[in-house]
Amino acid sequence: MSLSNTKVRILVSVIAIPFFLGACAAGGLAFLGLVLVIAILAYYELIHIAKKKTFYPDITMGYISVAAIVLNTYFHVLDFELLVLLLVFPVVVFEMFRNKGSAVSNIGTTLLGVFYIGLFLSCLIHIREFFTSPDYLFGGLLVITTLASIWVCDSAAYFGGLRFGKHRLFLRVSPKKSWEGAVFGFVFAVLTFIVARVWFLNFLSWTDVVSLGLIVGVVGQFGDLAESWLKRDAGVKDSSNIIPGHGGIMDRFDSLIAVAPVIYLYLKLFVKN
């Protein structure tokens, strides 16, 4: 007898959440491996969404480029500018020999995936490694809080919209989302960071935690809308069915992809290490 979809979702969550928390807390190669797997799978999903629009991104160069950006973020082998040159040039050159569909669309889609997925998710490593003293766990706690805030925001937006939603947020992109739900998600994203500040984020100021909550509440929901827009444009419901009961990697991490670079920029600009 097959499990119901709800039971499958719960079972997968029970297995996956401790694994994620452990990798975030451990940092180092464990966290690098987690980010790398998420990035590769998310890129796989994006190129298959693109194929629905008869675009043909360079899969091999895309995988190599995404992996190179994530790995280089951790190991610091090359300057970023040099790395970009080494990645973009071959994508353009190899496309000349493929003769499949539109070269402009193929190159654009390949590079969109490389930077939207690879570059944005690599910022998670920057966040995790940002705090080098006095406690290496600080970065892990911040990543965990960010994930928790995103999940709470999504849940609050869903249930708030279900109960009070009357005004559509962005009908062309996601017909079911409402302004009321977005406000609920925004408020609870900030509250999650505030609660975390009371419990364990005392290495950040109150201004910092509220600002980070605002980033999740605004940018995270924008990331969710962006992925909905891409899927709607391609005529697909889920980015894939890789995660049983949950859809695809991009379905679960769309907000995180958008939030990670903004949080990293905030840390670089406003938080002293």
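Please refer to the structure higher up on the page.
The numbers attached to residues start from 1 for each chain and follow its sequence in the written order. Residue-level local features of this predicted model are given only where pLDDT is at least 70; pairs of side-chain atoms are given and counted only at 80 or more, and the full residue set underlies all totals for whole chains, interfaces and linings. Working from all heavy atoms in the structure, the side-chain values ignore hydrogens and water.

> Any chance you could explain the packing of aromatic side chains here in plain terms?
Two measures describe an aromatic ring pair: the distance that separates the ring centres and the angle between the ring planes. Stacked, edge-to-face and tilted are the three classes for Phe, Tyr and Trp ring pairs, Trp counted by its six-membered ring, which pair at centre distances within 6.5 Å; planes under 30 degrees apart are stacked, over 60 edge-to-face, the rest tilted. Using the criterion set out here, one finds 12 aromatic pairs in the structure. Seen in terms of ring centroids, F131 and F138 are 6.2 Å apart; in terms of plane orientation they differ by 80 degrees. Their pairing is edge-to-face. Across this residue pair, the class does not change: F131 and F138 are buried. Residues F131 and F203 carry aromatic rings whose centres are separated by 5.2 Å and whose planes lie at 75 degrees to one another, so their mutual orientation is edge-to-face. Remark: F203 occurs in the loop between α7 (179-199) and α8 (206-234) and F131 occurs in the loop between α5 (103-130) and α6 (137-164); sequence separation between them is 72 residues. These aromatic residues form a ring-pair network of at least three members: F130, F131, F138 and F203. Using a 1.4 Å probe on the protein chains alone, a residue whose accessible area is under 20% of its type maximum counts as buried, one over 50% counts as exposed, and one in between counts as partly exposed. Every helix listed is a DSSP run of H or I at least four residues long, and every strand listed is a run of E at least two residues long, numbered separately from the N terminus.

> What should I look at first to understand the packing of α8 against helix α9 (residues 249-270) in this one?
Relative orientation and spacing of two packed helices are given, respectively, by the angle between their axes and the distance between those axes. Working convention: axes come from line fits to C-alpha atoms, limited for helices to the stretch in contact. Angles between N-to-C directions cover 0 to 180 degrees. Two elements in contact, α8 and α9, have axes separated by 7 Å at closest approach and are oriented at 140 degrees. Compared by their axis directions, α8 and α9 come out oblique. Where α8 crosses over α9, the handedness of that crossing is right-handed. Listed contacts from α9 to T207, D208, S211, L212, I215, V216, V219, G220, G223, D224, E227 and K231 of α8 are M250, D251, D254, S255, A258, V259, V262, I263 and Y266. Here the residues of the contact of α8 with α9 sort into 10 nonpolar, five polar and six charged. An angle below 35 degrees is treated as roughly parallel, one above 145 as roughly antiparallel, one from 65 to 115 as roughly perpendicular, and anything else as oblique. In a left-handed crossing the near helix is turned counterclockwise from the far helix by less than a right angle, and in a right-handed crossing that turn is clockwise. Here, residues are in contact when the closest pair of their heavy atoms is within 4.5 Å. Here the term charged refers only to Asp, Glu, Lys and Arg, the term nonpolar to Ala, Val, Leu, Ile, Met, Phe, Trp, Tyr, Cys and Pro, and the term polar to all other amino acids, Gly among them.

> Explanation requested: a nonpolar patch on the surface in the structure shown.
Together, L29, L71, F75, V77, L78, L82, L85 and L86 make up an exposed nonpolar region whose accessible area comes to about 760 Å². Only α3 (59-75) and α4 (80-95) provide two or more residues apiece to the nonpolar patch. No other element matches α4, which puts three residues into the nonpolar patch. With respect to the secondary-structure elements, L29 resides in helix α2 (residues 28-51). Candidate patch residues must exceed 30% relative accessible area and have no salt bridge, after which like charges are joined if within 9 Å and Val, Leu, Ile, Met, Phe, Trp or Tyr side chains if within 5 Å. Methods summary: accessible areas were calculated by the Shrake-Rupley approach with a probe of 1.4 Å, and residue burial reflects only the protein chains presented. Each salt bridge in this description consists of a side-chain nitrogen of Lys or Arg and a carboxyl oxygen of Asp or Glu lying within 4 Å of one another.

> How do you make sense of the nonpolar core when you look at a structure like this?
Buried together is how nonpolar side chains tend to be arranged in soluble globular proteins. Each nonpolar core is a collection of buried residues, namely Ala, Val, Leu, Ile, Met, Phe, Trp, Tyr and Cys, held together in the definition by side-chain atoms within 4.5 Å. Counting residues in each nonpolar core, the largest one holds 60 residues, and the members touching the most others are I117, F131 and L204. The element contributing the most residues to this core is α9, with 12 residues. Residues within four places of F131 in sequence aside, it is in contact with Y136, F138, G139, L142, F203, L204, L267, V271 and N273.

> Before we go on, may I ask you to explain unusual backbone geometry in this structure?
Where the residue is not glycine, phi is negative for most of them; where a peptide bond is considered, it is trans in most cases. Phi at H76 takes a positive value of approximately 55 degrees, unusual for a residue other than glycine. Mapping H76 onto the fold places it in the loop between α3 and α4.

> What should I look at first to understand the side chain of S255 in this one?
As for its placement among the helices and strands, S255 is situated in helix α9. Residue S255 is classed as buried on the basis of its relative accessible area of 2%. For S255, the residues in contact, after removing those within four places along its chain, are I150, D154, G220 and D224.

> Where do I start with α4 in this structure?
Working note: α-helix, 3.6 residues per turn, so residues spaced by three or four point in the same direction. In a regular helix each residue adds 1.5 Å, so 16 residues correspond to 22 Å; α4 covers 23 Å between its end C-alpha atoms and thus fits that length. Inspection of α4 places L83, V84, L87, P90, V91 and E95 among the buried residues, and these make up the whole buried set. Along the axis of α4, the buried positions cluster into a sector of 150 degrees, meaning they face one direction only. When the buried face of α4 is taken as reference, the exposed residues oriented beyond 90 degrees from it are E81, L85 and F89. Buried positions along α4 lie against α3 and α5. By definition here, a helix of n residues has an expected span of 1.5 Å times n minus one. By construction, the arc corresponds to the directions joining the helix axis to the C-beta atoms.

> Before we go on, may I ask you to explain the state of the cysteines in this structure?
Each disulfide consists of a covalent bond between the sulfur atoms of two cysteine residues. Two cysteine sulfurs form what is called a disulfide whenever their separation falls within 2.5 Å. A full pass over the atoms with the stated rule returns zero disulfides. C24 takes part in no disulfide bond, and the closest cysteine sulfur to it belongs to C123, at a distance of 15 Å. Unpaired in terms of disulfides, C153 finds its nearest cysteine sulfur in C24, a separation of 18 Å. We classify C153 as buried; its relative accessible area is 2%.

> What's the story with the environment of A42 in this structure? I'm lost.
Among the secondary structure elements, A42 is positioned in helix α2. Accessibility expressed as a relative area gives 0% for A42, which makes it buried. Linking A42 and V66, residues 24 residues apart in sequence, is a C-alpha distance of 10 Å. Sequence-distant contacts of A42, defined by excluding residues within four places in its chain, comprise I117, I249 and M250.

Read these as spatial facts, not as claims about activity.
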